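Below are the chains, spelled out letter by letter.
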Amino acid sequence: MAGYFEEMGWTPLGNAETPNHLMQMARFLRDSGMWELLGEHEKLPPPASKAAVENLDEITFEDNTDTKRQCPICLRDFEKGNIAKSLPCKHTFHKECIEPWLEKTNSCPLCRYELPTDDEDYECYRKEKKRAVEREKDLETLHDSMFS
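Residues numbered from 1 in each chain as written. Predicted model: local features only at pLDDT ≥ 70, side-chain atom pairs only at ≥ 80, totals over all residues. Heavy atoms only, no water.

What follows concerns the overall build of the protein. Of the regular secondary structure elements, the protein holds six helices and three strands. When the elements of the protein are put in sequence order from the N terminus, they spell out α-α-α-α-β-β-β-α-α. Relative to the 2.2 N^0.38 estimate, which gives 15 Å for 148 residues, the radius of gyration of the protein is 21 Å and therefore markedly larger than a compact globule would have. Considered along the principal axes of its C-alpha atoms, the protein spans approximately 60 × 45 × 35 Å. Relative to its 148 residues, the protein shows a buried fraction of 22%. Within the protein, contacts between residues at least 6 apart in sequence are counted, and of these 40% link residues at least 24 apart. Total accessible area on the protein stands at roughly 11200 Å², and carbon and sulfur atoms take up 55% of it. A distance of 3 Å separates the average location of the 20 positive side-chain charges in the protein from that of its 30 negative side-chain charges. (Helix = DSSP H or I, 4+ residues; strand = E, 2+ residues; numbered from the N terminus. Rg over C-alpha atoms; globule rule 2.2 N^0.38 Å. Buried < 20%, exposed > 50% of the residue type's maximum accessible area, 1.4 Å probe, protein only. Contact = heavy atoms within 4.5 Å. Areas by Shrake-Rupley, 256 points an atom, 1.4 Å probe, with all protein chains shown as cover. Lys, Arg positive; Asp, Glu negative; His and termini not counted. Charge placed at Lys NZ, Arg CZ, Asp CG, Glu CD.)

Structure (structure tokens):
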């Protein structure tokens, strides 16, 4: 059986280490439902990290065999010599279309796949949100195994 810290995805405090009281307050607000009342869940996500944008696969179109493919942002066809960027979700966009988008938000404009950000707080929030979904699935599995 997993211990408390492993189950929650946390690490215990080290010697002479103090807890982050702001993070505790944010968790309290979220768990009590006050976070939604304050409108904090409606904030836009931060931009994608510069390293993530630089490491995206670049595609140079050599011929016009893919005449039916177009950039979902500007709706222009990909033509010979165009440089496109492919996100990890496999959606492809003109380089000049997707880079300004990723400077404003960290997600794919089509499927909302999220790229990493440089914002530590947002990354912690994403990790907590992912862990909450996993806990719900674990509880559902436990419930189904007990009552089926």
